[in-house]
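Coordinate inspection notes
One letter stands for each residue in the lines below.
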Amino acid sequence: MNIVNPEEHFFLRVNGESMNKIIKNGAYALIHKQDIVENGEIAVVLVNGYDATLKKFTKHEDVVVLEPMSNDNSFQTQIYNKDTSIKILGKYIGKFELHK
C-alpha cells in the first residue's frame, strides 16, 4: 500500500456497520498513528480508555462529536463533553477489503 514508514501505521479490523458508507464490516482500515486529527476526518478514537471506535471526528471547544457514516440509520451520533476520556489513536487513510 506504498507505506513509507510502516511503524507509524496499523490495520484495524472493522467490526460492525456504523461506517459502511466508507468501509465494510470485516474489512481492514489502514490507520496512521497520530493523536490529533482535523475536524471532519475519520479517526480511531478510544472512549473511556477501553471502547475503540472508527468515526468521523469533530471537536468544538470541550465537546467531541463522533459521527457514524452508515446506510443504517439506527447508528446515532455520539456526543461527549470534557468529563469523558477521549484519546485519538490515529487517522483513517485507506482500506483493505477481501472480495467474496
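Residues numbered from 1 in each chain as written. Predicted model: local features only at pLDDT ≥ 70, side-chain atom pairs only at ≥ 80, totals over all residues. Heavy atoms only, no water.

The next subject is a nonpolar patch on the surface. A cluster of nonpolar residues, F11, F96 and L98, forms a patch on the protein surface that exposes about 330 Å² of accessible area. Take L98: it is sitting in the segment after β7 (86–96). Residue classification places L98 among the exposed residues on the basis of a relative accessible area of 63%. (Patch = residues over 30% accessible without salt bridge, like charges linked within 9 Å, V, L, I, M, F, W, Y side chains within 5 Å. Areas by Shrake-Rupley, 256 points an atom, 1.4 Å probe, with all protein chains shown as cover. Salt bridge = Lys/Arg side-chain N within 4 Å of Asp/Glu carboxyl O. Helix = DSSP H or I, 4+ residues; strand = E, 2+ residues; numbered from the N terminus. Buried < 20%, exposed > 50% of the residue type's maximum accessible area, 1.4 Å probe, protein only.)

Model confidence for the chain is summarised by a mean pLDDT of 92, while 93% of its residues fall at 70 or above. Mean pLDDT across the elements of the chain ranges from a minimum in strand β1 (residues 9–13), with 93, to a maximum in strand β5 (residues 63–67), with 98. (pLDDT = per-residue confidence, 0-100.)

At N48, a position not held by glycine, the phi torsion is positive, near 55°. Here N48 lies in the loop between β3 (42–47) and β4 (51–60). N48 gets classed as partly exposed once you look at its relative accessible area, which sits at 40%. For E61, which is not a glycine, the phi torsion comes out positive at approximately 55°. One can find E61 in the loop between β4 and β5. Judged by relative accessible area, E61 falls into the exposed class, the value being 74%.

This paragraph deals with the layout of surface pockets. Of the pockets and cavities examined, the largest pocket occupies roughly 290 Å³. N15, A52, T53, L54 and K55 are the residues nearest the centre of the largest pocket, which is lined by 15 residues in total. Breaking the lining of the largest pocket down by element, the ones donating at least two residues are β1, β4 and β6 (78–80). The leading source of residues in the lining of the largest pocket is β4, at five residues. Its residues placed into classes, the lining of the largest pocket shows seven nonpolar, five polar and three charged. (1 Å grid on protein atoms, 1.4 Å probe; cavity = no way out; pocket = protein on both sides within 12 Å on 5 of 7 lines; lining within 4 Å. Points joined across faces, edges and corners; volume = space filled by probe spheres on them. Nonpolar A, V, L, I, M, F, W, Y, C, P; charged D, E, K, R; others polar.)

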